[in-house]
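# Notes for the structure review
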Amino acid sequence: MSEKREIVKISVRNLVEFIFREGDIRSAGTGTGNTEAMQLGSKIHRKIQKSMGFGYEAEVSLFTLQKFTSSEYGEDFLLKLEGRADGIFRENGKVMIDEIKGVYLDVKELKEPIFVHKAQAMCYAYMVAEKEELAEIEVQVTYCNMENEFIRRFNEVFTRKEITDWFLNLMEHYEKWVVYEYDWKKRRNESIQKMIFPFPYRPGQKELAAMAYHTIEDKKKLFIEAPTGVGKTITTVFPAVKAMGEGISDRIFYLTAKTITRTVAEECFALLGKQGLVFKPLTITAKEKMCVLDKVSCNPGDCGRARGHYDRVNEAVYDMLTHEDTMTRECILSYAEKHKVCPFEMGLDAALFADAVICDYNYAFDPNVYLRRFFANEKKGDMIFLIDEAHNLVERGREMFSARLIKEDFLKVKRIIKATQRHEKRPEVQYNLRKFEKSLEAANRHMLEWKRECDEFEVIEEVGMFQLQLMRIVANYELFAKDYPVLPERETMLNFYFDVKKFLCVLEWLDDKYKIYTDYDVEKNFRIKLQCMDPSKQLKEVMERGRSAILFSATLLPIKYYKEQLAGQEDECAVYAKSSFLPEQRKILIARDVTSKYTRRSPSEYGRIAQYIERFVSAKEGNYLIFFPSYSFMDEVVTRMESREGQRLLVQSADMREKEKEEFLEAFDSEGAESVIGCCVMGGIFSEGIDLKEDRLIGAAIVGTGLPMVCHERELFKAYYDDKKGRGFDYAYLYPGVNKVFQAGGRVIRTAEDKGAILLLDERFLQRQYLDLFPREWFPYEVVDCEGMVKELEQFWCQ
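For the structure given in this document, a descriptive report is provided here. (Residues numbered from 1 in each chain as written. Predicted model: local features only at pLDDT ≥ 70, side-chain atom pairs only at ≥ 80, totals over all residues. Heavy atoms only, no water.)

### Observations concerning the overall build of the protein
Regarding its fold elements, the protein presents 28 helices and 24 strands. Taken over the C-alpha trace, the protein has a radius of gyration of 29 Å; the compact-globule value for 799 residues is 28 Å, and the two agree within 12%. Taking the principal axes of its C-alpha atoms as reference, the protein extends roughly 95 × 70 × 50 Å. Among the 799 residues that make up the protein, the fraction classed as buried is 57%. Contacts spanning at least 24 positions in sequence make up 79% of the contacts within the protein whose residues lie at least 6 apart. (Helix = DSSP H or I, 4+ residues; strand = E, 2+ residues; numbered from the N terminus. Rg over C-alpha atoms; globule rule 2.2 N^0.38 Å. Buried < 20%, exposed > 50% of the residue type's maximum accessible area, 1.4 Å probe, protein only. Contact = heavy atoms within 4.5 Å.)

### A word on unusual backbone geometry
Here the bond from Leu557 into Pro558 is cis, since omega is -5°, no more than 30 degrees from zero. The linkage connecting Phe779 with the following residue, Pro780, adopts the cis geometry, with an omega of -5°. Position of Pro780 relative to the elements: it lies in the loop between helix H27 (768–771) and strand S24 (782–784). A positive phi angle, near 55°, is found at Lys340, a position not held by glycine. Residue placement: Lys340 occurs in the loop between helix H11 (329–339) and helix H12 (343–350).

### Some thoughts on the nonpolar core
Ranked by internal contacts, the top residues of the largest apolar core, which has 200 residues, are Phe365 and Phe466. Looking at this core, the element that brings in the most residues is helix H5 (residues 160–194), giving twelve residues. Setting aside chain neighbours within four positions, we find Phe365 in contact with Leu255, Tyr370, Ile387, Leu393, Met400, Phe401, Leu539, Val542 and Met543. (Core = buried A, V, L, I, M, F, W, Y, C linked by side-chain atoms within 4.5 Å.)

### A few points about helix H19 (residues 490–507)
Every α-helix carries 3.6 residues per turn, so stepping three or four residues along brings you back to the same face. Compared with the 26 Å implied by 1.5 Å per residue over 18 residues, the 26 Å span of H19 between its first and last C-alpha is a close match. Counting buried positions along H19 gives 13 out of 18 residues, so the element sits mostly inside the fold. (Expected span 1.5 Å × (residues − 1).)

### Describing the pairing of strand S16 (residues 548–553)
In terms of burial, S16 is largely enclosed, as six of its six residues are buried. Of the two faces of S16, the one carrying Ser548, Ile550 and Phe552 and the one carrying Ala549, Leu551 and Ser553 are both buried. Both strand S7 (residues 221–225) and S16 contribute to a ladder of five bridges, which runs parallel. Note on S16: the bridge partner recorded for Glu225 is Ser553. (Pairing = 2+ DSSP bridges.)

### Points about the side chain of Lys563
Tracing the chain through its elements places Lys563 in helix H21 (residues 559–565). Glu572 provides the closest opposite charge to the buried, unpaired Lys563, separated from it by 6.1 Å. At 3.3 Å, the side chain of Lys563 and the backbone oxygen of Gln569 are in polar contact. (Lys, Arg positive; Asp, Glu negative; His and termini not counted. Salt bridge = Lys/Arg side-chain N within 4 Å of Asp/Glu carboxyl O. Polar contact = N/O pair within 3.5 Å; in protein donor to acceptor, adjacent residues only side chain to side chain.)

### A short note on the sheet that holds S24
Strand order in the open sheet formed by seven strands is S20-S21-S19-S22-S23-S18-S24, with parallel pairing between adjacent strands. The open sheet has two edge strands with one neighbour each: strand S20 (647–651) and S24. The average undirected angle you get between the axes of adjacent strands in this sheet is 20°. Strand direction decides the pairing type here: strand S18 (residues 586–591) and S24, joined by three bridges, are parallel. (Axes fitted to C-alpha atoms, helices over the stretch in contact; angles between N-to-C directions.)

In short, geometric facts, not functional conclusions.
Written out as structure tokens, the structure reads:
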């Protein structure tokens, strides 16, 4: 039997957190999972390690192999438990394992170490004692406060028998889980060996799937520009699953920006399941959509599911794993109801045992919400990242790795603390509240100084002492949350706390790929922002924790820009997949005499655009989408369009609720005699990710070039990329703008049977800088005036 087949792996940290957690979910932002200052703590680790002197070895990789027996196959296999001890100290024949934790807690108040921290050290102690046959070994848990660097240590000595008995008991608790995992993976891999591609290959599709497989094999990235209809989801999922069957990888992360593309991924795995694939995909849904309460409140006082959640959740997960394969939102909700646990947290736990995790980008990349179980340490895994609609990851990445604080929020929290003080009788708590208030005042004064220097927008070089002031706020919040398990004005307090934590986290990344600026929001509130100008470094760090990444989209042009922004290397491939549609199926028209330029906006220009749209949608009965640069522009044009018999006009509103969005799209499904004309904003919810096939949509008109509005932040990007690349306008405006245009145009022609027309209503599309970016499928195109458009459409629809 090969080594890869007979070894199941888990990290020390994941094991002890999984086995030893207990009690309630609490949303004060503190607790075992959040007390560690992940990013900031690395500096403290290194400082303490350097101070330990001779005999102290830092960052020691350790592992142990434990034998188990399969219940389904009756054969022995090994569990590899591995991790990295923060330090091993050797002196006079004595050995001590050191586990270091940087925290915001007041470490002087700790009576004993948090048990999961101690358990990590005990696992490492067992590994060293067993390997070196030590009679006894010491365990030390070192806590260091992030603000004042005060250190508190807890020590305990174990005989070899004591540490061995404890460890074997831990293995006993984990046995059913590891046996399940081994048996499942063997059964899964047997099914993968028999799996064949579920369709006849389209031209170029087999080569594309092979390229994806070799990319995974070679531990590289692959960028795929794949026009609609190529079948990019199955073409990337199939080789990724095959790689798992060969033991090349152990998990797929299918990352998306939209709910609709998560549904496409679910359908793809379901299709392979019908071909005989035995597989466990799991979909992570946002907490707000999973919560059983009307308003999310993860406190045992408000939610019965939160009370004792960790005492019940492991059995809930085991129950679901042993009875279900496809773990959708509905499936997770059902088992969470059965076991009375939080469905969102249960889903995150079940992800540890899933073969594929389908989720939003932020669960992999966002430092605020990423899955710590997979991405909290620097250890490289064998995960495959399949990144759908990858063009979205540029803007999303910039926002995920940026942070902002609003001055008014400091004052809001200060008012809450002052109100709390008036009713507090405990002297030590009153003292903590005064400390908290002073730390808020100090940070607010710093913000006030910046505000006095800022009329509208001001770039600043550094934050100086503000960082230390924020660290004090976090430390004082930790004490406050301990004194008040049920927070006053909980939502305000929590949001502020997480904003400050993220700001501190982003400060650790600050380099020449960042700019710091101050400005005012739409409500005139003063704020400071750490703006990520280029997300490639952080994206690369996350992707390198996996084995391979395949990034695909229908719109990755220009590819050099997207490779650069999405952490592509010079030697990594980018491929333009051939369209499976014939040129005769699509008609591209460019209007030569209208524009959405600000200098040309006038009643007469709005009228001409309205006339184009009226005659475009009247050329053939059917459903159309019309995309506008903004809500105000849309209003100006729509009010000038004449209502016609047999046409139903739908207009997107800025505050559409979920039900209204669904009703908007459902109108395109109706088989009535009316044509549906949907008016939307470009770059919004209806311009990408929706799949209106065949007669559900026969045409789209796109008003304007999609360029973002000129603002201080966009101009900051322009100046930055002028300096770095000499292409400021392209990076800040042109590339993001045309991508929205291409996405909107991609709503037309979704299947081999579709036929449709795309009308570009802006003469600027005839400029070379735009034409050079057109996808291959948009050639040839016709340049028209309104009368010429009508004639071209008559010929096209008669073909």
